Amino acid sequence: MTQEIVDAVREIEREKGIETGTLVAALEDALLAAYKKTPGAARHALVELDDAGDFRVFAIELPPDLEERLLDEARERALDELERIEEETGEKNHTLLADEDLQLDWSQVPEGTIAREDVTPDNFGRIAAQTAKQVILQRIREVERDMMYEEYQDRVGDVVTGIVQQADNRYCLVDLGKVEALLPGSEQVPGERYEHGARIKAVIIEVRNGTRGPQIVLSRRSEELIREMFTLEVPEIADGLVEIRQVAREAGYRAKIAVESKVQGVDPVGACVGPRGSRVRMVVGELRGEKIDIIPWNDEPARFIAKALAPARVREVLVDDESMQATVIVPDDQLSLAIGREGQNARLAAKLTGWRIDIKSETEFAMEGDEEYAGADNIAKYLEASGYDERSMKALLKEG
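My aim in this report is to walk through the structure given alongside it, one point at a time. This structure is a prediction, so every number in the text was calculated from the model and none was measured. For every chain, the first residue of the written sequence is number 1, and numbering continues from 1 onward in sequence order. It should be noted that, the model being predicted, local features are given only for residues of pLDDT at least 70 and side-chain atom pairs only at 80 or more, the latter also being counted only at that level, while totals for whole chains, interfaces and linings use all residues. Computation of side-chain values covers all heavy atoms of the structure but excludes hydrogens and water.

## Section: the sheet that holds strand 9 (residues 242–250)
Then, in step 1: Two strands form a pair only when DSSP identifies at least two bridges running between them. A run of H or I in DSSP counts as a helix once it spans at least four residues, and a run of E counts as a strand once it spans at least two, with each numbered from the N terminus. Reading across the sheet, the 3 strands line up as 9-10-11 and stay open at both edges, with mixed pairing between neighbours. Every other strand in the sheet has two partners, leaving strand 9 and strand 11 (291–296) as the edge strands with one partner each. Each strand of the sheet is rotated relative to its neighbour by a mean of 20°, with strand direction disregarded.
Then, in step 2: Of the strand pairs in this sheet, strand 10 (residues 254–261) and strand 11 are connected by 6 bridges, and their pairing is parallel. Within strand 11, the position partnered with Lys 256 by the bridge is Asp 293. Here the axes come from fitting lines to C-alpha atoms, over the contacting stretch only for helices, and the angles between their N-to-C directions go from 0 to 180 degrees.

Right, dumping it as structure tokens:
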């Protein structure tokens, strides 16, 4: 009967992709716990699988000094495990650690220092059969949780599609198929509503290993969501022909992405827009109407800043490399467009470029120029800065 159990356990290991020996070791631990409950059980014992496929129990006699050392090591390991569980759950564990409950590490015991005696109970085969099912199912769940945690831990930053199970303004539960994920309120897009049964895309930003399995945290606000969605929609990005250099986003309202071609002849903006705007439309549709400006990357700060303020037209950009500050001059009728509603366009441009941007209309800049060049000594400098040629300057100065 025991051999049949062992064969079944090993078959389950193969089917589930569980490391060989994991379930047998778990069954040995469970049988040891069962033996400890029998009257007259030895203080220290081991359960091992013998060559005939039967589980045998061995009582262990230890020298006092070796026993004390092993107990100290086991107690330290148990305390570390309790602290880890407390950190994960946030709850204090008041479990008292009895010596009988500690798992000693027999692998550290040198051969010849302990005495072993076979104390296998007569009905141990029946105990093994009763224990096997419960232990195996529990251990399979634990192993599958660990495997799932490792799988999703490697997927941080990936876009996933899930079905909304439950939602309010505090959190949203999303079914990813194998596991349920959490979309907290802080990672939801303002104004978006997540109806039960709706299919949504989100990016994985964190994976925690909880006692009930992996806890996956999603985001709809992350800039990484736009980056990954363009990677999915634009083959040139997936193939490395076009690179997204920078993303700036105010979730639910507007985003700007700076793209650069890695291959001559490939238009990075056109690749992201797609035929008749099909590719960018797919991303905008998934983001429920969020506007997206696609900007060509430029290593020259003035040109990049001018493009980053799209859709506004820019007349001139004056940059201060030391302070990373730029003064942008725009036509009077473009000032409100350059700044954007409540300053949004200017904020996104500054975030995209990494420069502090001061936007001024031509009239405003000219008035500041008048003040700067006021006085007879600076008239010539003012006229030169205003674009007058030498002949006109002499005529004006003569009249003055």
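Structure shown, so let's carry the discussion forward.
## Examining the packing of helix 5 (residues 223–233) against helix 8 (residues 278–286)
Then, in step 1: Following both chains from N to C, one finds helix 5 and helix 8 inclined at 140°, their axes separated by 10 Å at the closest point. Accordingly, the angle class assigned to the pair helix 5 and helix 8 is oblique. With respect to the hand of their crossing, helix 5 and helix 8 are arranged in right-handed fashion. Side by side, helix 5 and helix 8 meet where Met 229, Phe 230 and Glu 233 of the first sit next to Arg 279, Val 280, Met 282, Val 283 and Glu 286 of the second.
Then, in step 2: Residue type decides the class: Asp, Glu, Lys and Arg count as charged, Ala, Val, Leu, Ile, Met, Phe, Trp, Tyr, Cys and Pro as nonpolar, and the leftover types, Gly among them, as polar. Split into classes, the residues belonging to the contact of helix 5 with helix 8 amount to 5 nonpolar, no polar and 3 charged. By the definition adopted for this analysis, an angle is roughly parallel if under 35 degrees, roughly antiparallel if over 145, roughly perpendicular if from 65 to 115, and oblique otherwise. The crossing is said to be left-handed when, going from far helix to near helix, the turn is anticlockwise and less than a right angle, and right-handed when the turn is clockwise. Contacts are residue-level and defined by heavy atoms, with any inter-residue pair within 4.5 Å sufficient.

## Things to note about the pattern of salt bridges
Then, in step 1: Any Lys or Arg side-chain nitrogen located within 4 Å of an Asp or Glu carboxyl oxygen qualifies as a salt bridge. Considering all chains together, one arrives at 22 salt bridges under this definition.
Then, in step 2: The salt bridge involving Lys 351 is made with Glu 223; its shortest N-O contact spans 2.7 Å. Taken together, the residues Lys 351 in helix 11 (residues 344–353) and Glu 223 in helix 5 connect sequence positions 128 residues apart.
Then, in step 3: When the shortest N-O distance is used, the salt bridge between Glu 260 and Arg 245 registers 2.6 Å. Of the two residues, Glu 260 sits in strand 10 while Arg 245 sits in strand 9, which places them 15 residues apart along the sequence.
Then, in step 4: Three labels apply to residues, based on accessible area from a 1.4 Å probe with only protein chains included: buried if under 20% of the type maximum, exposed if over 50%, partly exposed otherwise in between. By relative accessible area, Arg 245 is classed as partly exposed at 30%.
Then, in step 5: One salt-bridge network, in which partners are shared between bridges, spans Glu 243, Arg 245, Glu 260 and Lys 262.

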